[in-house]
Amino acid sequence: MKNRARNDDLRIRTSFNKDWKFFLGDEPNAKSPSFDDLKWRKLTLPHDWSIEGKFDEKNPAKPEGGGLPTGIGWYRKEFIAPANFENRLINIEFDGVYKNSEVWVNGEYLGKRPYGYSSFSYEISKFLKSGKNIIAVKVDNSAQPDSRWYSGSGIYRNVWLTSTAKVSISQHGLFVESGFVSGDFGESTDGGTLKPGQKVGYIEPHVSFINKSLDKTKKYKVEFSVINREGKQVLKHVLEEDIIEDNTGKGVSNLLISQPEIWSVERPYLYTLVAKIIDSENQIIDQQSTTFGIRRFHFDALKGFSLNGKPMKILGVCLHHDLGALGAAVNVRAMERQLEIMKAMGVNAIRTAHNPPAPEFLDLCDKMGFLVMDEAFDMWAKKKTKNDYHLNFPEWHKADLEDMIKRDRNHPSIILWSIGNEIREQFDSTGIALTKELVKIVKNLDRSRPVISALTETKAEKNFIYQAKALDIYGLNYNHKLYKDFPENYPGVKFLATETTSALETRGFYDTADTIRRWPKDGKTKFTEGNKEWSASAYDNVSAYWGSTHEETWAAAKKYDHVSGLFVWTGFDYLGEPLPYPWPARSSYFGIVDLAGFPKDSYYMYQSEWTNKPVLHILPHWNWQQGKSVEVWAYYNNADEVELYLNGKSLGKRSKQGDDLHVLWKVPFKPGTLKAVSRKNGKKVLVREIKTAGAPAKIELIADRKNIKANGKDLSFITVRILDAAGNVVPDADNLVDFKVDGVGFIAGVDNGFQASVEPFKANYRKAFHGLCLAILQSTEKTGTIKLTASSAGLMSSSIIINTGK
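Below: a short report on this structure. (Residues numbered from 1 in each chain as written. Predicted model: local features only at pLDDT ≥ 70, side-chain atom pairs only at ≥ 80, totals over all residues. Heavy atoms only, no water.)

1. Brief notes about the pattern of salt bridges
Reasoning step 1: Counted under the stated rule, the structure contains 44 salt bridges.
Reasoning step 2: Across the pair R11 and D286 runs a salt bridge whose closest N-O atoms are separated by 2.7 Å. Taken together, the positions of R11 in the loop between strand 1 (4-5) and strand 2 (12-15) and D286 in strand 21 (residues 283-292) put the pair 275 residues apart, joining distant regions of the chain.
Reasoning step 3: Judged by its relative accessible area of 22%, R11 is partly exposed.
Reasoning step 4: Looking at D286, the relative accessible area reads 0%, which means it is buried.
Reasoning step 5: As a salt-bridge pair, R766 and E759 come within 3.6 Å of each other at their nearest N and O atoms.
Reasoning step 6: Residue class for E759 comes out buried when judged on its relative accessible area of 16%.
Reasoning step 7: Overlapping salt bridges bring together R148, D378, K384 and E577 as one network. (Salt bridge = Lys/Arg side-chain N within 4 Å of Asp/Glu carboxyl O. Helix = DSSP H or I, 4+ residues; strand = E, 2+ residues; numbered from the N terminus. Buried < 20%, exposed > 50% of the residue type's maximum accessible area, 1.4 Å probe, protein only.)

2. Some thoughts on the packing of helix 7 (residues 550-559) against helix 8 (residues 602-610)
Reasoning step 1: Running from N to C, helix 7 and helix 8 cross one another at 15°; their axes reach a closest spacing of 11 Å. The angle between helix 7 and helix 8 falls in the class roughly parallel. Crossing hand, helix 7 versus helix 8: right-handed. Contacts between helix 7 and helix 8 involve H550, E551, W554 and K558 on the former and, on the latter, S602, M605, Y606, E609 and W610.
Reasoning step 2: The residue inventory of the contact of helix 7 with helix 8, partitioned by class, reads four nonpolar, two polar and three charged. (Axes fitted to C-alpha atoms, helices over the stretch in contact; angles between N-to-C directions. Parallel < 35°, antiparallel > 145°, perpendicular 65-115°, else oblique. Left-handed = near helix turned anticlockwise from the far one by under 90°. Contact = heavy atoms within 4.5 Å. Nonpolar A, V, L, I, M, F, W, Y, C, P; charged D, E, K, R; others polar.)

3. Focus on the pairing of strand 9 (residues 120-123)
Reasoning step 1: Residue alternation in strand 9 divides its side chains into a buried set, F120 and Y122, and an unburied set, S121 and E123.
Reasoning step 2: Here strand 6 (residues 89-94) pairs with strand 9 via four bridges, running antiparallel. From the neighbouring strand, E93 faces strand 9, where its bridge partner is S121. (Pairing = 2+ DSSP bridges.)

4. Some details on the sheet that holds strand 28 (residues 414-421)
Reasoning step 1: Here we have eight strands rolled up into a closed barrel, ordered 25-26-27-28-29-30-31-34, and parallel in their pairing. Averaged over all pairs of adjacent strands, the angle between their axes in this sheet comes to 25°, without regard to strand direction.
Reasoning step 2: Relative to strand 34 (residues 563-569), strand 31 (residues 495-501) runs parallel, the two sharing four bridges. For T501, the partnering residue across the bridge sits in strand 34 and is W569.
Reasoning step 3: Helix-sheet contacts for helix 4 (residues 430-445) involve strand 28 and strand 29 (451-455), and the interaxial angle to strand 28 is about 150°.
Reasoning step 4: Packing against the sheet, helix 7 makes contact with strand 25 (314-319), strand 31 and strand 34, and its axis sits at approximately 165° to strand 34.

Shown next as structure tokens:
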């Protein structure tokens with residue numbers, strides 16, 4: 001007889017994002033169900049109120065926190081209780097609230113969660129009533145300075161309402177470990193020796209339960225099934241009948257899948273594990289599913305990292321959680337765009353610096369083929385700023401770390417758990433006990449992945465986190481000159497460069513290229529070496545004093561097999577930490593890509609090194625004063641040489657020698673056309689041209705996608721280019737561009753990538769920066785078209801149509 005299920009019995013998880021009301025300020029009476037919120041603003045979550053504010057040096061978060069307002073905010077929502085709620089378990093789930101959230105339902109206090117990056121939930125069944133219910137959330141981000149980067153403020157991640165039977169699988173209670181054995185590795189199974197190419201996958205599913213039923217004697221069984229990407233069931237297993245007690249766990253080992261599809265960065269194949277609770281009457285009373293991937297990886301002290309038996313470098317970047325002009329408010333398409341840009345550069349790994357990311361970010365990494373270093377904390381009990389997480393660490397670190405591991409452990413993308421970044425307990429003996437405690441918390445929940453911490457103290461005898469001898473891998477930040485001798489200094493220790501580089505660049509700005517500079521030169525001297533443009537050269541020749549240029553770093557990391565890989569600081573510019581400049585700088589200069597998503601020149605160095613697709617990129621632009629000596633660089637791959645031409649005349653051929661990552665020519669400027677040709681075995685591979693641009697004449701609009709979903713969330717990123725009459729981007733154009741939107745959409749944000757711009761992100765205008773700016777269009781829930789028109793005084797305007805559909 002087949003299993004049966006009643007619709008009112010199964011798990012129902014619905015978005016709880018719509019129809020909230022918001023008030024910026026403190027209103028203690030808002031927790032009361034009778035409070036009048038008629039005049040409050042209506043909005044849909046996720047929401048970040050800081051990004052809506054004005055940049056101001058006097059804002060308490062300071063430029064280091066992005067220079068935007070913080071404070072206290074209240075959210076309220078009226079809702080109808082789910083059907084049959086008296087006989088169900090109803091949970092409200094928050095993916096993230098920044099920060100110090102407190103929640104009330106119908107005036108009843110549910111609790112507080114200080115850490116702004118934790119996902120958490122409350123059971124609200126007993127507080128609900130028939131008809132109208134009121135939830136109120138206070139968010140307090142007023143104590144500043146807090147974060148060392150822009151945090152955002154508010155209910156900035158998704159909220160969910162989940163209804164289950166009183167006997168159900170607990171939240172994040174379904175956990176699956178997986179792997180495979182292969183004849184390629186000379187392995188065998190109980191069934192005999194495997195042939196080359198033959199693989200056998202195995203999974204070990206575990207499930208934990210909640211039992212709030214009054215009948216504790218009733219028996220249940222658990223059915224596991226695995227569904228492949230094509231929808232076919234490839235495995236089924238039933239655990240024998242047993243009494244399910246509250247919070248107990250059940251598991252089974254070594255369920256086999258013949259010839260499994262393997263998850264890899266090139267082909268991220270996902271299976272779905274479904275767990276069902278079936279009662280003695282053969283009815284399904286709860287069902288939960290999770291995606292997972294079958295893969296294996298290994299770190300070796302001498303040979304570095306391998307995935308599925310294939311040696312490879314971890315080619316990673318660190319990413320903060322903000323989405324540029326959209327702030328911290330989670331948007332799947334914006335995160336996907338960031339990852340697409342990184343993937344095209346050759347990135348295969350992401351470090352979630354320095355906190356647990358949104359769940360949807362990890363879903364994207366699973367689907368798109370990124371390895372992930374999932375990080376818990378930026379500090380422990382010792383502070384980095386006055387009001388940071390150190391205040392909450394003693395009471396909350398166990399719950400926050402456990403919740404991260406339980407939430408994230410089914411993601412095949414995750415290969416590392418990081419318990420901290422540059423933790424100050426490195427420098428005293430308290431680091432030993434805390435390291436052991438945190439590692440134990442992780443290992444109690446997941447032993448399938450190594451634990452790491454990003455360290456800065458390079459002398460073992462002075463590093464108390466290292467002395468705990470609890471970490472699986474040594475993670476070193478910066479100090480690329482120490483890579484070479486690491487095996488001799490730390491025999492048998494596995495090594496990963498957890499944070500590197502901190503190079504400083506502004507897209508499209510070029511000055512002296514022939515010297516490497518450290519800005520600032522140390523941590524004590526006042527920075528006076530900048531320029532009136534508030535910029536850093538896009539030639540790769542400036543870094544922070546603790547870091548190194550992109551080329552210096554990668555040349556060292558690529559040379560040694562024992563370096564498992566690296567995470568470059570950072571993939572994108574991010575709001576806050578605008579070193580080395582003071583106000584009005586308000587976002588970082590570290591990114592390989594600017595805040596608007598426009599690549600800087602170093603992007604193409606990585607692309608030429610980290611991908612096999614043909615690359616030829618020349619810099620800088622070709623608008624200079626007559627006779628000025630300009631250093632022209634070319635990044636290239638898949639070729640033996642590059643020849644440079646100016647107005648048809650050859651300036652010579654160049655080939656990379658030794659550790660070179662680019663070639664260069666010093667060229668006296670003459671207006672016209674600069675052309676580069678790459679060749680392999682004498683045959684042309686690629687041609688690139690840069691032309692001297694004339695005066696700004698017209699606007700060009702380019703959409704990353706012209707068809708988006710009418711779901712109220714989807715985005716189209718519109719690149720705005722200022723062109724001369726011949727169609728060349730004008731490299732110094734800073735025209736003010738006005739935007740007009742018609743149809744079923746609106747402008748979600750505008751940007752131009754300049755780190756010292758204090759123009760608002762929420763506006764219908766933006767100045768171009770080095771010829772470019774960006775408008776982000778967001779759909780409504782209506783199908784139709786969105787028309788964006790861009791205009792600027794003295795220029796030919798331009799329009800573009802974006803289609804929206806279900």
